[in-house]
Amino acid sequence: MRIYKRIVITLAIVTSLVEVVMGQAKKPTIMVVPSDAWCIKNGYVLEYDNQGTKIKVSDYKRAVQESTDLLLVISKINDLMAARGFPLKNLESSIKTLESEAAESAMMTSKAGSTISESPVDKLKKTAKADIWMQLTWTVNQTGPKKSITFNLQGLDAYTDKQIAGASGTGVPSFTAELPVLLEEAVLSHIDNFNSLLQAGFDDWFKNGREIVLRIKKWDSFDGDLEKEYGGAELGSQIEKWVSENTVQGRFNTSDATENMMLFEQVRIPMIDSNGKALDARGWGKGLQKHLKDTYQVESKLMMKGLGQVTIVIGEK
Amino acid sequence: MILLGVNASSCQSKKQVNKDTDNWRYEIEAVNTGIQGTYLIKVWSYSAKPEVAIEQAKKNAVHGIIFKGFAGKQGIPGQNPLATNSSIEKEKSSFFNEFFMDGGKYMKYVNLSNDGSVAAEDRLRIGREYKIGVLVSVNVTQLRKFLEDERIIKSLSSGF
């Protein structure tokens, strides 16, 4: 009886450990940012001339430094999301980290005098990152002495450009309430509906796979193209076959394909691989990279963008 | 004898309103944005005895927040139910039977506003019974946390 009890307890511990170690998918990072519309309306923009065309870019740094209302809303949302067990990346802190990291990298040298190597692509990638943007817009409506807030919170998947959650609406007009009070009320009114849609989005990921984007390109040094035959079929078709076999229920769209490039969208990859390890676009893309090398002796370079975008450039590393 | 009769009739009313709750016979109306972590709602319940309906409003409020959600009105958004799985009520029936029993744990997450006083326009006589509208504040944050801890609903970060 004692031995039986011990076996049961050991089995229970092992099972829970396996669940803890193997059952966790990669957690997406979320960050609240003001929308371009809000930044432009409130004058937080950087303007530059791009070959004769005036381009406006949101100036997040100035927005968080100067707009206390924005800080209040971001802080309130961060607060409420942390209470739901989903702490968010903070925009202001991310900007500061990026700046200090850039300064440190510029100053850093080894004992022998070497500097940190950085390609132009590395430089381009130095922006605030998140897997999901919580994009925030509000406008103050004034009718005579009455004020109300129209509030819009959008959850945008950074890699598929899809809106996966959202909540919007106009609050009750008030004669007396100050703007920060109306804003706080708007956040409290809308955050639960936003989160229930976000939860539905996550449930969909776990059921049907995380949606990612896969791009295939080729270096001009590559001897051949995606129409060259490998193993009795064009390389492009072989890639398509691998994608079909390695997606949840074979779900993907080949949105574009030429002899030089392919674009796969709505590619549904499992959240956890067959070994129980959390999977992201990079880990999944590595499988394709290995398949190309092992089966067709084709070298390739793999580049990633967050959890959800992967680019494989065929020909060399 | 009279006392026994009154008691039996009260039990009968209680049974009936519990049945009404199970059959979704109540209505929830958005009132205002509550303070952080709470919903301020008006719950309309039915009973032959107004005091039974007022008491049942608490149970209906929590029941509604978990399974039904409620529609919004001008300026106040409605809210989705906490449970996204539509069959959870049947799947976890033993949990919910205990949770919603008279004096059960649901009481911890709900408060009557205005000490349960009912405005004259919220006390309607319909045939042989009353329809009573009671203002109720539900502590949704705590309720959600409890249901997550009991693995009745999933937390936002579950699986990650």
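Refer to the preceding data block for the structure.
From a predicted model like this one, the values you see are computed outputs, not experimental measurements.

Within this structure, the stated rule accounts for 23 aromatic pairs over all chains. Note on F96 of chain B and F100 of chain B: the rings are 6.2 Å apart at their centroids and 20° apart in plane angle, and the pair reads as stacked. F100 of chain B sits in the buried class, given a relative accessible area of 11%. Taking NZ or CZ as reference, R210 of chain A lies 3.9 Å from the ring centre of W205 of chain A, over its face. The lysine or arginine in question, K131 of chain B, covers the ring of W44 of chain B, its NZ or CZ lying 5.2 Å from the ring centre.

What follows is about the interface of chain B and chain A. Taken together, the contacts link 21 residues of chain B with 31 residues of chain A. Buried area between chain B and chain A, both sides added, is near 2,100 Å², and the carbon and sulfur share of it is 53%. Summed over the shared surface of chain B and chain A, the number is eleven residue pairs in polar contact (both at pLDDT 80 or more). Class assignment for the residues of the side of chain B that touches chain A results in five nonpolar, 13 polar and three charged.

A few words now on the pattern of salt bridges. Applying the stated criterion across every chain, the model contains 21 salt bridges over all chains. R210 of chain A is the salt-bridge partner of D157 of chain A, the closest N and O atoms lying 2.9 Å from each other. Taken together, the residues D157 of chain A in strand β5 (residues 146–157) and R210 of chain A in strand β7 (residues 210–218) connect sequence positions 53 residues apart. Side by side, D157 of chain A and R210 of chain A carry an identical accessibility label, which is buried. Residues K131 of chain B and E27 of chain B are paired through a salt bridge, measuring 2.9 Å at the closest nitrogen-oxygen approach. Of this pair, K131 of chain B sits in strand β5 (residues 129–139) while E27 of chain B sits in strand β1 (residues 27–33), placing them 104 residues apart in sequence. A relative accessible area of 15% means that K131 of chain B is categorised as buried.

The terminal C-alpha atoms of helix α4 (residues 68–83) of chain A, which comprises 16 residues, lie 22 Å apart, in line with the 22 Å expected from a rise of 1.5 Å per residue. Among all positions of α4 of chain A, only L70, V73, I74, K76, I77, N78, L80 and M81 of chain A are buried.

Residues and elements named next belong to chain A. On the surface, a cluster of positive charge is contributed by R282, K286, K301 and K317. Within the element layout of this structure, K301 appears in strand β12 (residues 300–305). On the basis of relative accessibility, which here comes to 31%, the residue K301 falls in the partly exposed class.

Here E211 of chain A lies in strand β7. A polar atom in the side chain of E211 of chain A sits 2.8 Å from the side chain of K162 of chain A.

What follows deals with the nonpolar core. Core analysis: the largest hydrophobic core is formed by 45 residues, its most contacted members being I77, M81, M134, L136, W138, F151 and L198 of chain A. The element that contributes the greatest number of residues to this core is helix α7 (residues 179–208) of chain A, accounting for eleven residues. Residue contacts for I77 of chain A: discarding those within four places in its chain leaves V32, L88, M134, L136, L153, V187 and I191 of chain A. A30, A57, Y109 and I153 of chain B belong to the second-largest nonpolar core, a separate cluster that totals 37 residues.

Let us look at the sheet that holds β7 of chain A. All names here are of chain A. Taken together, five strands build an open sheet; the order of strands is β10-β11-β7-β13-β12 and the sheet is mixed. Each end of this open sheet is capped by a strand with a single partner; those strands are β10 (253–257) and β12. Across this sheet, the average inter-strand angle for adjacent strands is 20°, counted without regard to direction. Across six bridges, β7 lies against strand β11 (residues 262–269) in antiparallel orientation. Looking at the pairing, I216 lines up with M262 of β11. Packing of helix α8 (residues 235–245) onto the sheet brings it into contact with β7, β10, β11 and β13 (309–314), and relative to β11 it is tilted by some 10°.

The terminal C-alpha atoms of α7 of chain A, which comprises 30 residues, lie 42 Å apart, in line with the 44 Å expected from a rise of 1.5 Å per residue. Looking one or two places after α7 of chain A, you find G209 of chain A, whose phi comes out positive at around 100°.

Attention now moves to a nonpolar patch on the surface. Among the surface-exposed residues, L46, Y48 and V57 of chain A lie close enough to one another that they form a single nonpolar patch of about 270 Å² accessible area. Among the secondary structure elements, Y48 of chain A is positioned in strand β2 (residues 45–50).

Procedures and definitions
Residues numbered from 1 in each chain as written. Chains lettered and ligands numbered in written order. Predicted model: local features only at pLDDT ≥ 70, side-chain atom pairs only at ≥ 80, totals over all residues. Heavy atoms only, no water. Phe/Tyr/Trp six-rings, centres within 6.5 Å; stacked < 30°, edge-to-face > 60°. Buried < 20%, exposed > 50% of the residue type's maximum accessible area, 1.4 Å probe, protein only. Lys NZ or Arg CZ within 6 Å of the ring centre and 35° of its normal. Contact = heavy atoms within 4.5 Å. Buried area = accessible area lost by both parts, 1.4 Å probe. Polar contact = N/O pair within 3.5 Å; in protein donor to acceptor, adjacent residues only side chain to side chain. Nonpolar A, V, L, I, M, F, W, Y, C, P; charged D, E, K, R; others polar. Salt bridge = Lys/Arg side-chain N within 4 Å of Asp/Glu carboxyl O. Helix = DSSP H or I, 4+ residues; strand = E, 2+ residues; numbered from the N terminus. Expected span 1.5 Å × (residues − 1). Patch = residues over 30% accessible without salt bridge, like charges linked within 9 Å, V, L, I, M, F, W, Y side chains within 5 Å. Areas by Shrake-Rupley, 256 points an atom, 1.4 Å probe, with all protein chains shown as cover. Lys, Arg positive; Asp, Glu negative; His and termini not counted. Charge placed at Lys NZ, Arg CZ, Asp CG, Glu CD. Core = buried A, V, L, I, M, F, W, Y, C linked by side-chain atoms within 4.5 Å. Pairing = 2+ DSSP bridges. Axes fitted to C-alpha atoms, helices over the stretch in contact; angles between N-to-C directions.

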